Amino acid sequence: MTTTDRGRGAQRSRTVELGMPTVASDPHGHLRGREPFPVAAHRALADTQLRQNLGHATRTIRAKRAAVVGEVDDWEELRRAGECLKAGVMARLPELLEQLEASVTARGGVVHWARDAQEANRIVVDLVRATGADEVVKVKSMATQETGLNEALGEAGIAALETDLAELIVQLSDDTPSHFLVPAIHRNRSEIRDIFLREMPGVDPDLTDEPRRLAMAARAHLRRKFLSARVGISGVNFAVADSGTISVVESEGNGRMCLTLPDTLITVMGVEKIVPTWSDLEVFLQLLPRSSTGERMNPYTSTWSGVTPGDGPQAFHLVLLDNGRSNVLASPDGRQALHCIRCSACLNVCPVYERTGGHAYGSIYPGPIGAVLSPQLTGIDGPDDVNASLPYASSLCGACFDACPVRIDIPHLLVQQRAAAVAAHGRPTAQDLAMRAAAAAMATPGRFSLLERAMKLGRLFGRSGRIRSVPGPGAAAWFGARDMPPPPAETFREWWARRQERS
Amino acid sequence: MTSARDEVLARLRAARDAGGSTPPEVPRTYRRTGSHAPGSAGAVDRLEETLTDYRATVHRVAGEDGVPAAIARVLADAGATTVVAPPGVPERWLAEATASVRSDDPPLSVADLDRVDAVVTGAAVAIADTGTFVLDALAPDQGRRAISLVPDHHVCVVRAAEVVSSVPEALARLDPDGPLTFVSGPSATSDIELDRVEGVHGPRRLDVVLVAGHEV
């Protein structure tokens, strides 16, 4: 995909009053797809390989998560603590950020502020250029995916090497991520082997699709890069305001490599990733691994505070990114979406995500949380904004809320975002007209009875036992996603009247 | 021109005020102490189970006296010919090892570390519930992060006194001022079909020598 055909957010006027919350800039189109969810979902549903891969992966992870969550008898108490901690962070966000800035600076780090994606990318590009490096190693980071940092680095002649296995798979196959935790969840082992054989220089031609062999191939491919890297780029899982401590939670050790071996470390964080104190991590380090990979603890968690003489990068830069988060924060309920710790449990339990996969959502934030976060970050830009379709990518079954380790009420936010999407319509839609007609028809018993009799005509469309399409404005769109049983030959009221007569 | 800092903070203040600025009270009703007392036999046994479950190999020894032989054995089993240890690791830990010992004082280059077969460290704290031990880079027997990262085989000595049950108890013992690394099993990935596979970029082999002879 090119940057121009997806970058509609970037072209919008950005003249804003100082202090007014603004929506995200999206220079590389990573927060908005090119088509509405139903269109993308239809295509995804037709891909049986994709559905098999997703079904297998999400079933596996759901079982693992359930087993390790079941071990923790105070899980609900931890969830409530996590929820309130995050709500407290939102209520004190500006002050906590200033505290974080002071504590990171006091420990030898340099803090930068970025209003939007372009500004964050510019800061990082300038920092990398100043080191003279033309290559950086990256730990998986949603924030830098959001800003399109890799593209920006590429335009500046700097190669960005993704080192997380799944990110590497996505990067090698020129694909896009479809899951927070496992960006290549849509690929199965034999597809991954084929990508490695095709794209990985010097790979063993006898590579099998055994996961261990695939992991070994990635190790061999990246090892030399790690050992010689001069600049590392990371995201953040949690940033502790009072101690200036940053933490990165990972599995493979690629994070440790990127955080430890380079001379310069540049870390990009969305402003919401902050927690007040070190001891607050006792809640999140229990909630996150069990919810995300279904492990009691992920293999590696790194924490660091500024610069430590004699250990690790001697230059540390922290880039604090707004990019639409202030817009989300301004909504009393909607700001809950900023509580997300990116565990992806809601994706794994979502019946819609399990069938469509992440690409159908367009944004790099897919699944239930993405469906409420993306439209708030970007704002809804009129009735044709594809992100307006995201809040409908749900059956409102509530599984996402039950799985969320910080109790984000995603179903409630989905309904709110649907209302926001409707409000963005300048002119009445077919649905509005249908609802108005229904209201008029149901206003009196006489009209309703007339309507019921008219409805029987619908039986003409349902001779196969289901009504699959009906002519008329709006009906095509409605039936595009639904079948309907034909109306009964006799209405309830007719049946009731007949029964009364008999008795 | 307004700085990005001022503008971002002003936006966030306006947004925060619009959306509400009263922090809720955080209910700390979750368990802050685990089911086993720190250093107890129960905690050490549970640690052995959880470490083993995530593919670390645990070697129980009755007391500090057993450490040198245990280290020598795990290094020999792995065929390690060179081993590095941070400056604060007791010399006697490596006294029986046949592998040649590289000192990290002055610090070895990354390329040198890459040629070392194994690393021996102590630990700051270990968490029984999760099968985790934590390395504190400022602790002399744990050392700078690179030495426990680049060699492919990590031997970590954990004493019963360092074992706690739960995550909250562990964090309370740790000082976040220096770099910390929480290690739970050898490096692994769940990126292929969400199945856990051990052995990616970090040390692929993890041995834990658990010193647990005496009740604390």
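Reading guide: rules and limits
- Residues numbered from 1 in each chain as written.
- Chains lettered and ligands numbered in written order.
- Predicted model: local features only at pLDDT ≥ 70, side-chain atom pairs only at ≥ 80, totals over all residues.
- Helix = DSSP H or I, 4+ residues; strand = E, 2+ residues; numbered from the N terminus.
- Buried ≥ 20, exposed ≤ 12 C-beta atoms within 10 Å, placed from the backbone.
- Contact = placed C-beta atoms within 7 Å.
- Rg over C-alpha atoms; globule rule 2.2 N^0.38 Å.
- Nonpolar A, V, L, I, M, F, W, Y, C, P; charged D, E, K, R; others polar.
- Core = buried A, V, L, I, M, F, W, Y, C linked by C-beta atoms within 7 Å.
- Axes fitted to C-alpha atoms, helices over the stretch in contact; angles between N-to-C directions.
- Left-handed = near helix turned anticlockwise from the far one by under 90°.
- Pairing = 2+ DSSP bridges.

Enquirer: Before we move on, could you go through the overall build of chain B and cite the residues and values that matter?
Expert: Summing up its helical and strand segments, chain B has five helices and 12 strands in all. Projected onto its principal axes, the C-alpha positions of chain B cover 65 × 45 × 40 Å. Taking all 216 residues of chain B together, 56% fall into the buried category. Partitioning the contacts of chain B with sequence separation of at least 6, the portion at a separation of at least 24 is 71%.

Enquirer: Account for the overall build of chain A, with residues named and values stated.
Expert: Counting its secondary structure elements, chain A contains 23 helices and 10 strands. Relative to its length of 503 residues, chain A is compact, with a C-alpha radius of gyration of 25 Å against a globular reference of 23 Å. Each principal axis of the C-alpha atoms in chain A carries an extent, and together these give about 95 × 60 × 50 Å. Burial analysis of chain A (503 residues in total) assigns 53% to the buried set. In chain A, the share of contacts with a sequence separation of at least 24, taken over all contacts with a separation of at least 6, comes to 75%.

Enquirer: Requested: an account of the interface of chain A and chain B, with residues and values cited.
Expert: Listed per partner, the contact involves 84 residues of chain A and 68 residues of chain B. Ranked by residue count, the leading element in the side of chain A that touches chain B is helix 4 (residues 75–91) of chain A, at 10 residues. The residue inventory of the side of chain A that touches chain B, partitioned by class, reads 43 nonpolar, 25 polar and 16 charged.

Enquirer: Would you mind going over the nonpolar core in detail, with residue names and values included?
Expert: One finds Cys 346 of chain A together with Ile 71, Val 83, Val 120 and Val 158 of chain B to be the most contacted residues of the largest nonpolar core, which totals 199 residues. Broken down by element, this core gets its largest block of residues, seven residues, from helix 4 of chain A.

Enquirer: Any chance you could break down the packing of helix 4 of chain A against helix 13 (residues 281–292) of chain A for me, citing the residues and the numbers?
Expert: Two numbers describe a pair of packed helices, the interaxial angle and the distance between the axes. Residues and elements named next belong to chain A. It is at 10 Å that the axes of helix 4 and helix 13 come closest, and there the two elements cross at 120 degrees. Helix 4 and helix 13 meet at a crossing whose hand is left-handed. Judged by residue contacts, Leu 78, Arg 79, Ala 81, Gly 82 and Leu 85 of helix 4 engage Val 283, Phe 284, Gln 286 and Leu 287 from helix 13. Here the contact of helix 4 with helix 13 is composed, by residue class, of six nonpolar, two polar and one charged.

Enquirer: An account of the pairing of strand 9 (residues 180–183) of chain B is requested, with residue identities and associated values reported.
Expert: On any regular strand, side chains alternate: one points to one face of the sheet, the next to the other face. All names here are of chain B. On strand 9, burial covers both faces: Leu 180 and Phe 182 on one face and Thr 181 and Val 183 on the other are all buried. Of the strand pairs in this sheet, strand 6 (residues 132–136) and strand 9 are connected by four bridges, and their pairing is antiparallel. The partner of Asp 136 across the bridge, within strand 9, is Leu 180.

Enquirer: Provide a residue-level description of the pairing of strand 12 (residues 205–211) of chain B, including the pertinent values.
Expert: Residues and elements named next belong to chain B. With seven of seven residues buried, strand 12 is to be regarded as a mostly interior element. Of the two faces of strand 12, the one holding Arg 205, Asp 207, Val 209 and Val 211 and the one holding Leu 206, Val 208 and Leu 210 are both buried throughout. Here strand 1 (residues 57–61) pairs with strand 12 via five bridges, running parallel. Residue pairing across strands places Arg 60 opposite Leu 210, the latter belonging to strand 12.

Enquirer: Please set out the environment of Ile 266 of chain A residue by residue, giving values where relevant.
Expert: Residues and elements named next belong to chain A. Checked against the element boundaries, Ile 266 lands in strand 7 (residues 264–270). Overall, Ile 266 belongs to the buried group, with 26 C-beta atoms counted inside 10 Å. When the C-alpha atoms of Ile 266 and Ser 234 are compared, they prove to be 6.4 Å apart, with 32 residues separating the residues in sequence. Leaving out residues up to four positions away in the same chain, Ile 266 has contacts with Val 124, Leu 127, Val 231, Ile 233, His 317 and Val 319.

Enquirer: Hey, could you go over the sheet that holds strand 2 (residues 82–85) of chain B for me, with residue numbers and the actual values?
Expert: Consider a sheet: its strands pair through backbone hydrogen bonds, and that pairing is either parallel or antiparallel. Residues and elements named next belong to chain B. Read across the open sheet, the six strands follow the order 1-12-7-4-2-3; overall the sheet is parallel. Each edge of the sheet is formed by a strand with only one pairing partner; in this case those strands are strand 1 and strand 3 (100–103). Across this sheet, the average inter-strand angle for adjacent strands is 25 degrees, counted without regard to direction. Of the strands in this sheet, strand 1, strand 2, strand 4 (118–121), strand 7 (153–159) and strand 12 are in contact with helix 3 (residues 67–77), which crosses strand 12 at around 165 degrees.

Enquirer: Describe the sheet that holds strand 7 of chain A, and please don't skip the residues or the numbers.
Expert: All names here are of chain A. Across the sheet, which stays open at both edges, the six strands sit in the order 1-10-7-4-2-3 with parallel pairing between neighbours. This sheet does not close on itself; its edge strands, each paired only once, are strand 1 (110–114) and strand 3 (159–162). Neighbour-to-neighbour, the strand axes of this sheet turn through a mean angle of 25 degrees, independent of strand direction. For strand 2 (residues 135–138) and strand 3, the ladder comprises four bridges, and the chain directions are parallel. Note that in strand 3 the partner of Val 137 across the bridge is Leu 161.

Enquirer: Any details on unusual backbone geometry? Residues and values, ideally.
Expert: That bond from Asp 105 of chain B to Pro 106 of chain B is cis: its omega, 5 degrees, falls within 30 degrees of zero. Assignment of secondary structure puts Pro 106 of chain B in the loop between strand 3 and helix 4 (110–114). In this structure, Arg 342 of chain A is a non-glycine residue whose phi angle is positive, near 60 degrees. Residue position: Arg 342 of chain A is located in the loop between helix 14 (325–329) and helix 15 (345–349).

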